[in-house]
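So you can see what is in the structure, the chains are spelled out below.
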Amino acid sequence: MEPKGTLVFSTVGRPHYGFDLFSLHLHSSVLGPEHRLTDGHSINFNAQFADHHQSIVFISERTGSPTIYLTRPGRPKPQLLHSVPGSHFHDRPIIKNTKLYFISAHEEPDRFFKSWSALYSTELDEDKEKKTTRLTPPGSVDYSPAVSLSGEFVAVASYGSRPWQGEFHQLNTDIVVFRASQPSQRTVVCERGGWPTWSGDSVIYFHRQDEDGWWSVFRLDFPQDLESSTYPLTPTRVTPSGLHCFTPAAMHDGKRIAVATRRHDKKFRHIEIFDVGTKTFSPVTETLNPNFHHYNPFVSPDSEFLGYHRFRGESTEWGESIIPHLEPILSPIKQLQMLRLHGFFPAFSPNVDLIAFNPDLLENPGVKIVKSDGSKHWTLIKDRAAFYNSWSPTEKHVIYTSIGPIFQSAKTTVQIARIEFDPFDLDNDREDIPCNVKILTHENTGNNAFASCSPDGKSLVFRSGRTGHKNLYIIDAIDGEFNGGIRRLTEGPCIDTMPNWSPKGDLIAFSSNRHNPDDVELFSIYVINPNGSGLRRIHVAGIDVDRERINHVCFSTDGEWLLFTANLGGVTAEPVSLPNHFQPYGDLYAVRLDESGLRRLTWNGYENGTPTWHTGDELDLGSVCLGHGTGVKLKGQFDEPLWISFDI
């Protein structure tokens, strides 16, 4: 039987994006104003001009997954252009000579820890057969396609058939070129590079991080007769050190490229025009929107118009201005509903009508409750660091959480807390609900976190660093270790963390590196009986099991499945082209306890995690889909990749 029910999870930063696409006329006497190309619904990004400077093909998530759309002047709504059946991820679409080129991730690769991303094309001419063709060879991985001016050549950033080694700051891809008519005849024209862009038919620009540490744009010149040269070629660095330049878009005049830049004295990513001849930059977006990030420039074939995506702004005139508490996400399984939470660490109440969560882990800490249809929310704890929630299965007025900073050492003080409130207060109009916070662990016992309640409501399992190592312990759910004492469940010089008690009561699942304690990056799933016996590892990735990075494990409510976030599918899109994600390879998966039936549940370039799962009757998502205008104001508050450094 397939997984079923309702799954709620978080995505780092994604609810705040509010992306829309904009363009500028570069040849006007005065730069600006911007022309908005998309309608303010959901997020819209990664575009290319089609056959008109106001017509674009782009990606939108308005249907719950990244899908390809086309918008034209005078058309009130964008047209769903193409969607591969079974694909939950499309990216970087291009229209050239009646063909649509795009990345999709619907075909499972030949092994774990390999991206599903590959290049496809579809004929758009109505008089021809609309057939989707895979252009990436079997076993290979491609990202970020670009088509030459004439449409004769295609370039991609490609791993080929090489395995992913776990990197994500800079992917170890090569620049590969092939004729559109001969996709199997591929040539590695340059080693190490990403995000290729064509100037004409014989020059490619691309980005990579150079040996001096700066992300820079490089140039390749090669003859149209691919077979007449010796490859790989040696590229020429175009942009200087002292600033980061990435995601280039070449102009076909051969003289200029649009680039996204990060400068040491600027807080925001901006689009600039770089003159290849004079080696000078001309600012573009900073003069128009100095306090917004701007991403992934694209240029019209005549080099007169420049496009990009950015946060649309707070004004309701620009489209959606509210972040819903819960957002429906397209599910790969018919009987499984999926909701993205605006917050972290969701936990269902016993009768599944409410969800407890942490609104933010740093800027807006605390504990909140939201109706499971997203229509109303309340605040229990405000302006106090808290994370990871577990609702008592037997007490609808009791929630357990961790009080203190997240992502800290074993000795940092973090406490397990029991929150009690009066459910009748939820019927009032007030947003702040009175509650009692009772600390259940001693203050001098280090990092105590990730409590999970037993199904009878009597005990808590949690992670503690009280010995200098992070292991699992069990305490009384009412009095904690102050009266009921404490029992150690696991031990060893390893990290055992994020336990989850099975609703059946027979097992506790958790993440651990106990198979290789010296590596604090790789974790696998383990299960253990509540009495400390029967410890075993759940082997998800087969023979490659020692490369697993699995966290946020939880049981389905029937106790038969495990839900978790993992690196099994590699990286889906170039991370430098996106806002910050700590692990941009975190997708959700489910597997049975007997290690069978593994199913991938999410596909995107984001970090998804902190899931909870109700496998009973489906929730009524009608009001979730309608939104009711409830939520918090969209302000575009997200970070640039934190690993882009200026300490070089």
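Description of the structure in this document. If you're wondering where the values come from, they're calculated on a predicted model, not measured in any experiment.

### A closer look at the overall build of the protein chain
So, point 1. Broken down by element type, the protein chain carries one helix and 50 strands.
So, point 2. Here the C-alpha radius of gyration of the protein chain, 26 Å, is about what a compact globule of 648 residues would show, namely 26 Å.
So, point 3. Once the C-alpha set of the protein chain is aligned to its principal axes, its extents read approximately 80 × 55 × 50 Å.
So, point 4. When each of the 648 residues of the protein chain is scored for burial, the buried share is 59%.
So, point 5. Residue pairs at least 24 apart in sequence account for 53% of intrachain contacts in the protein chain once pairs closer than 6 positions are excluded.
So, point 6. By element, 48% of the accessible surface of the protein chain is carried by carbon and sulfur atoms, the whole surface being about 25,000 Å².
So, point 7. Taking the 62 positively charged and 78 negatively charged side chains of the protein chain as two groups, their mean positions are separated by 0 Å.

### Description of the packing of aromatic side chains
So, point 1. In the structure shown here, the tally under the stated rule is 31 aromatic pairs.
So, point 2. With a centroid separation of 5.7 Å and an interplanar angle of 85 degrees, the aromatic rings of Phe 19 and Phe 638 are classed as edge-to-face. Remark: Phe 638 occurs in the segment after strand S50 (632-633) and Phe 19 occurs in strand S2 (residues 19-25); sequence separation between them is 619 residues.
So, point 3. On the accessibility criterion, Phe 638 (9% relative accessible area) is buried.
So, point 4. Centre to centre, the rings of Phe 102 and Tyr 120 are 6.0 Å apart; their planes meet at 20 degrees, and the pair counts as stacked. You can see Phe 102 sitting in strand S9 (residues 99-104) and its partner Tyr 120 sitting in strand S10 (residues 118-123), a full 18 residues away along the chain.
So, point 5. Following the ring pairs from residue to residue traces out a cluster consisting of Tyr 17, Phe 19, Tyr 295, Tyr 606 and Phe 638.
So, point 6. Taking the ring centre of Phe 218 as reference, the NZ or CZ of Arg 208 above it sits at 4.5 Å.
So, point 7. In this structure, Arg 310 is placed above the aromatic ring of Phe 22, and the distance from its NZ or CZ to the ring centre is 3.9 Å.

### As for the sheet that holds strand S18 (residues 215-221)
So, point 1. Taken together, the four strands give an open sheet; going across it, the order is S16-S17-S18-S19, and neighbouring strands pair in antiparallel fashion. Edge positions in the sheet fall to strand S16 (194-199) and strand S19 (236-237), since each of these pairs with one other strand and no more.

### Details of the nonpolar core
So, point 1. Ranked by internal contacts, the top residues of the largest apolar core, which has 45 residues, are Leu 306, Ile 525, Val 540, Leu 562, Phe 564 and Leu 568.
So, point 2. Sequence-distant contacts of Leu 568, defined by excluding residues within four places in its chain, comprise Phe 112, Phe 113, Lys 114, Val 540, Ala 541, Tyr 589 and Leu 598.
So, point 3. Core analysis: the next-biggest nonpolar cluster, separate from the first, contains 19 residues, Phe 19, Leu 81, Phe 102 and Tyr 606 among them.

### Topic: the sheet that holds strand S38 (residues 459-464)
So, point 1. With antiparallel pairing, the four strands of this open sheet are ordered in space as S37-S38-S39-S40. Strands at the two margins of the open sheet, each flanked by one partner only, are strand S37 (448-453) and strand S40 (486-488). When strand polarity is set aside, the average angle formed by the axes of neighbouring strands in this sheet is 30 degrees.
So, point 2. Direction of pairing for strand S39 (residues 471-476) relative to S40: antiparallel, over a ladder of three bridges. In the strand pairing of S40, Tyr 473 is matched with Arg 488.

### Observations concerning the environment of Asn 551
So, point 1. Position of Asn 551 relative to the elements: it lies in strand S45 (residues 550-555).
So, point 2. Its relative accessible area of 12% is what places Asn 551 among the buried residues.
So, point 3. For Asn 551, the residues in contact, after removing those within four places along its chain, are Met 498, Ser 511, Phe 523, Phe 564 and Thr 565.

### Notes on the pattern of salt bridges
Two side chains that carry opposite charge are able to pair once their charged atoms sit near each other.
So, point 1. Inspection of every chain in the model, using the stated rule, returns 32 salt bridges.
So, point 2. Between Arg 14 and Glu 61 there is a salt bridge, with its nearest N and O atoms 2.8 Å apart. You can see Arg 14 sitting in the loop between strand S1 (5-11) and S2 and its partner Glu 61 sitting in the loop between strand S5 (56-60) and strand S6 (67-71), a full 47 residues away along the chain. Assigned by exposure class, Arg 14 and Glu 61 land together as buried.
So, point 3. Salt bridges here are not isolated pairs; linked through shared partners, they connect Arg 14, Glu 61, Glu 327 and Arg 340.

### Looking at the pairing of strand S23 (residues 280-283)
Consecutive residues of a regular strand have side chains that alternate between opposite faces of the sheet.
So, point 1. Judged from the four bridges that link them, strand S22 (residues 270-275) and S23 form a sheet pairing that is antiparallel. Counted as the bridge partner of Ile 273 is Ser 282 from S23.
So, point 2. Remark: four residues form the turn of the hairpin made by S22 and S23, two consecutive strands paired antiparallel; Lys 279 in that turn has positive phi of roughly 60 degrees.

### Describing the pairing of strand S25 (residues 305-311)
So, point 1. Counting buried residues in S25 gives seven out of seven residues, a clear majority hidden from the surface.
So, point 2. Looking at chain direction, S2 and S25 are connected through seven bridges and run antiparallel. What sits directly across from Leu 24, in S25, is Leu 306.
So, point 3. Where strand S24 (residues 294-299) meets S25, four bridges bridge the pair, whose relative direction is antiparallel. Within the sheet, the bridge partner assigned to His 294 lies in S25 and is Arg 310.
So, point 4. Remark: five residues form the turn of the hairpin made by S24 and S25, two consecutive strands paired antiparallel; Ser 303 in that turn has positive phi of roughly 65 degrees.

### Concerning unusual backbone geometry
So, point 1. With an omega of 0 degrees, the peptide bond running from Gly 32 to Pro 33 counts as cis.
So, point 2. Of note, Pro 33 is situated in the loop between S2 and strand S3 (35-36).
So, point 3. Cis geometry is found at the peptide bond from Tyr 231 to Pro 232, where omega equals 0 degrees.
So, point 4. Following the sequence through the fold, Pro 232 ends up in the loop between S18 and S19.
So, point 5. Although it is not a glycine, Thr 610 sits at a positive phi angle of roughly 45 degrees.
So, point 6. Following the sequence through the fold, Thr 610 ends up in strand S49 (residues 608-614).
So, point 7. The class for Thr 610 is buried, based on a relative accessible area of 8%.

### Re the side chain of His 293
So, point 1. With respect to the secondary-structure elements, His 293 resides in the loop between S23 and S24.
So, point 2. Residue class for His 293 comes out buried when judged on its relative accessible area of 7%.
So, point 3. At 3.0 Å, the side chain of His 293 and the backbone nitrogen of Arg 269 are in polar contact.
So, point 4. Non-local contacts of His 293, meaning those with residues more than four positions away in its chain, are made with Lys 267, Phe 268, Arg 269, His 309, Arg 310, Phe 311, Phe 638 and Glu 640.

### Thoughts on the side chain of His 82
So, point 1. Positionally, His 82 belongs in strand S7 (residues 79-82).
So, point 2. Given a relative accessible area of 15%, His 82 falls into the buried group.
So, point 3. A distance of 3.2 Å separates polar atoms of two side chains, one belonging to His 82 and the other to Thr 122.
So, point 4. A distance of 3.1 Å separates the side chain of His 82 from the side chain of Thr 132, its partner in a polar contact.
So, point 5. Here His 82 is in contact with Thr 67, Ile 68, Leu 100, Phe 102, Thr 122 and Thr 132, once residues within four sequence places are set aside.

Calculation rules
- Residues numbered from 1 in each chain as written.
- Predicted model: local features only at pLDDT ≥ 70, side-chain atom pairs only at ≥ 80, totals over all residues.
- Heavy atoms only, no water.
- Helix = DSSP H or I, 4+ residues; strand = E, 2+ residues; numbered from the N terminus.
- Rg over C-alpha atoms; globule rule 2.2 N^0.38 Å.
- Buried < 20%, exposed > 50% of the residue type's maximum accessible area, 1.4 Å probe, protein only.
- Contact = heavy atoms within 4.5 Å.
- Areas by Shrake-Rupley, 256 points an atom, 1.4 Å probe, with all protein chains shown as cover.
- Lys, Arg positive; Asp, Glu negative; His and termini not counted.
- Charge placed at Lys NZ, Arg CZ, Asp CG, Glu CD.
- Phe/Tyr/Trp six-rings, centres within 6.5 Å; stacked < 30°, edge-to-face > 60°.
- Lys NZ or Arg CZ within 6 Å of the ring centre and 35° of its normal.
- Pairing = 2+ DSSP bridges.
- Core = buried A, V, L, I, M, F, W, Y, C linked by side-chain atoms within 4.5 Å.
- Axes fitted to C-alpha atoms, helices over the stretch in contact; angles between N-to-C directions.
- Salt bridge = Lys/Arg side-chain N within 4 Å of Asp/Glu carboxyl O.
- Polar contact = N/O pair within 3.5 Å; in protein donor to acceptor, adjacent residues only side chain to side chain.

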